[in-house]
Amino acid sequence: ATPASHKLTRGWTLHTDVRPSLIKGAGRGLFALERARKGDRLARYYGELIGPAEAERRAQHGAQYIVQANSKQFIDAATYKEQQGCYTNDNGPHNNARIATKVNTCPETGMHWVSILAKKTILPGTEIYVPYGKAFRRSWRTSLPTPAMRAVPADVSGALRTAATTPATTTASD
């Protein structure tokens, strides 16, 4: 088996699947299809790199795909909605993954991205939840699933899934 640190350095992501979220009103969610260990890259979140003022302005106008990488950098994936990372939902105290603080840039395309990393062991069939940051809060936060609802059987026949060996053009140490 490849250690998690090797997967991260080589640009690997784990197998995931997009299906209906367990959070009422959230639409679709991203689910693990294989066991993830703390630090494993679950997905990448691509989008436009923006600052805090622009993130706040967009959030006030209904932006739904903004995540906070660090205090000065946010990623807005509004124009990249078919990527796996866009299907992660914020589930407050049940978040099991995190957004890496390092923003990466692909040298060939100029696209910006951050890694979505497991905060702890995530079992197959579990929905992946990340904190979006201060710039974005959902009105349906009161409809969160209970811990018993978080894991469902993995369905490997989903239409959207990541490749186990997606090559990276840059190294994402965090």
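Calculation rules
- Residues numbered from 1 in each chain as written.
- Predicted model: local features only at pLDDT ≥ 70, side-chain atom pairs only at ≥ 80, totals over all residues.
- Heavy atoms only, no water.
- Salt bridge = Lys/Arg side-chain N within 4 Å of Asp/Glu carboxyl O.
- Helix = DSSP H or I, 4+ residues; strand = E, 2+ residues; numbered from the N terminus.
- Buried < 20%, exposed > 50% of the residue type's maximum accessible area, 1.4 Å probe, protein only.
- Phe/Tyr/Trp six-rings, centres within 6.5 Å; stacked < 30°, edge-to-face > 60°.
- Lys NZ or Arg CZ within 6 Å of the ring centre and 35° of its normal.
- Polar contact = N/O pair within 3.5 Å; in protein donor to acceptor, adjacent residues only side chain to side chain.
- Core = buried A, V, L, I, M, F, W, Y, C linked by side-chain atoms within 4.5 Å.

Peer 1: Before we go on, may I ask you to explain the pattern of salt bridges in this structure?
Peer 2: This structure, assessed with the given rule, holds 5 salt bridges. Here R58 and E48 are joined by a salt bridge, their closest N and O atoms 3.1 Å apart. Here R58, found in helix 2 (residues 52-60), pairs with E48, found in strand 3 (residues 41-50); they are 10 residues apart in sequence, far enough to count as distant. On the basis of relative accessible area, R58 is assigned to the buried category, the value being 16%. For the salt bridge of D76 with R58, the shortest nitrogen-to-oxygen distance reads 2.8 Å. Here D76 is found in strand 5 (residues 74-76), whereas its partner R58 is found in helix 2, with 18 residues between them in sequence. For D76, a relative accessible area of 6% puts it in the buried group.

Peer 1: Before we go on, may I ask you to explain the packing of aromatic side chains in this structure?
Peer 2: Any aromatic ring pair is given by two values, namely how distant the centres are and how the planes are angled relative to each other. Summed over the entire model, instances satisfying the criterion amount to 1 aromatic pair. Each ring, one from Y46 and one from W113, has its centre 6.3 Å from the other, and the planes form 45 degrees; the classification is tilted. Of the two residues, Y46 sits in strand 3 while W113 sits in strand 8 (residues 112-118), which places them 67 residues apart along the sequence. A relative accessible area of 22% means that Y46 is categorised as partly exposed. Positioned over the ring face of F31 is R19, at 4.5 Å from the centre of the ring. Above the plane of the ring of W113 lies R44, whose end atom (NZ or CZ) is 4.4 Å from the centre.

Peer 1: Looking at this model, I keep getting lost on the environment of S21. Mind explaining?
Peer 2: With respect to the secondary-structure elements, S21 resides in the loop between strand 1 (16-20) and strand 2 (28-32). The sequence separation of S21 and Y87 amounts to 66 residues, and the corresponding C-alpha distance is 8.7 Å. Within the structure, S21 has its side chain in polar contact with the side chain of N89 (distance 3.2 Å).

Peer 1: Could you clarify how one ought to interpret the nonpolar core in this entry?
Peer 2: Looking at soluble globular proteins, one finds that nonpolar side chains tend to be buried together. Counting residues in each nonpolar core, the largest one holds 24 residues, and the members touching the most others are L42, Y45, V114, I116 and I128. Going through the elements one at a time, strand 2, strand 3, strand 6 (97-99) and strand 8 are the ones with two or more residues in this core.

Such coordinate-based values are descriptive only and should not be taken to indicate function.
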